[in-house]
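# Summary of structural features
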Amino acid sequence: MAVRFRIDDFGAAPVAPPLSIADVHVWTFGLAGPGRLDDWLTLLPADEKSRVERFHFDIHRHRYAAAHAITRHILGRYLGATVRTPFVVGARGKPSLPGEPLQFNLSHSENTAMLGVTRHLALGIDVEAVKPDVEVRALAAQFFSARERDDLLALPEPRVRDGFFHLWTQKEAYLKGRGDGVAYGLDHFDTEANPDRPAALHQDRRDPSAGAAWLLATLAAPAGYRAAIATRGRPASISQFAIG
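Below you will find a few notes about this structure.

What counts, and where the lines are drawn
Residues numbered from 1 in each chain as written. Predicted model: local features only at pLDDT ≥ 70, side-chain atom pairs only at ≥ 80, totals over all residues. Heavy atoms only, no water. Helix = DSSP H or I, 4+ residues; strand = E, 2+ residues; numbered from the N terminus. Buried < 20%, exposed > 50% of the residue type's maximum accessible area, 1.4 Å probe, protein only. Contact = heavy atoms within 4.5 Å. Salt bridge = Lys/Arg side-chain N within 4 Å of Asp/Glu carboxyl O. Phe/Tyr/Trp six-rings, centres within 6.5 Å; stacked < 30°, edge-to-face > 60°. Lys NZ or Arg CZ within 6 Å of the ring centre and 35° of its normal. Pairing = 2+ DSSP bridges.

### Some points on the environment of S239
Inspection of the secondary structure assignment puts S239 in strand β12 (residues 237–243). S239 gets classed as partly exposed once you look at its relative accessible area, which sits at 27%. A sequence separation of 63 residues divides S239 from K176, and the C-alpha atoms of the two residues are 20 Å apart. Dropping the residues within four chain positions of it, S239 is found in contact with V24, H25 and V26.

### Topic: the pattern of salt bridges
Summed over the entire model, instances satisfying the criterion amount to 15 salt bridges. Note that E148 and K171 form a salt bridge whose closest N and O atoms lie 2.9 Å from each other. With E148 in helix α5 (residues 146–153) and K171 in helix α6 (residues 160–178), the pair connects residues that are 23 residues apart, well separated along the chain. Taken as a pair, E148 and K171 share a single burial class, namely buried. The partner of D162 in a salt bridge is R159, with the nearest N and O atoms 3.4 Å apart. Accessibility expressed as a relative area gives 25% for R159, which makes it partly exposed. One continuous salt-bridge network, built from bridges that share partners, spans R159, D162, D196 and R226.

### Topic: the packing of aromatic side chains
Using the criterion set out here, one finds 10 aromatic pairs in the structure. One aromatic cluster is present, built from ring pairs that chain together F143, F144, F164, F165 and W168. If you follow K171 out to its NZ or CZ, it ends over the ring of F189, 3.8 Å from the centre.

### Things to note about the pairing of strand β6 (residues 112–118)
The buried fraction of β6 amounts to seven of the seven residues, a majority that puts the element mostly inside the structure. Alternating residues of β6 divide into T112, M114, G116 and T118 and A113, L115 and V117, and every residue in both groups is buried. Taken together, the seven bridges between strand β2 (residues 23–30) and β6 define a ladder with antiparallel strand orientation. Each bridged residue has a counterpart across the sheet, and for F29 the counterpart in β6 is A113. The pairing of strand β5 (residues 103–109) with β6 spans seven bridges and is antiparallel. By the bridge assignment for β6, S107 is matched with M114.

Quick look at the structure:
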């Protein structure tokens, strides 16, 4: 069960739950609250405000602004003040805070976002809404490894869709943790297809040492969502918190 906070708890002097050098904190928060767009925009630097303005639909502007503003609030809990400076984006798109000792990764899908925070471990996180209209077999044939496809299609029919999103979140989290993104490819490594089993990296054929170096873990997510996290190294604990 995640520890819950209210968004009104965020103030001028934010305080974070204690985060030791070997721990990971995962925050879950919603993006659907009405009437907050102007509030969120005040917390964003110019580059992120420009990104908000490029979205065509209000709902996408609101979700992006909320996700990034609340992320800055949460990071500010650990650093002592809300983060307002631009993130530094790496060559493959992974953001970081210049000169700060925190590693973080954000994912959002529909009206739910999840943020992973740690002090020194490389990490990636992914949350996905389990959508009924996704052509899971076609996407699995296009993107998954042969082992993953076989394991997925061996599941009972009612579990195939959940198994697909179990696989997808693991693969996204692992690629984001590595900082490689989908350009690294999706079919050269194998993760766990059975949605009733914990996340696992079984093999990376491009990096044989990855199975020992990386931990994949299933996260508790709101109803209708799947989520996973990947860390380089094994954290002492993964604690989950919720805002709402």
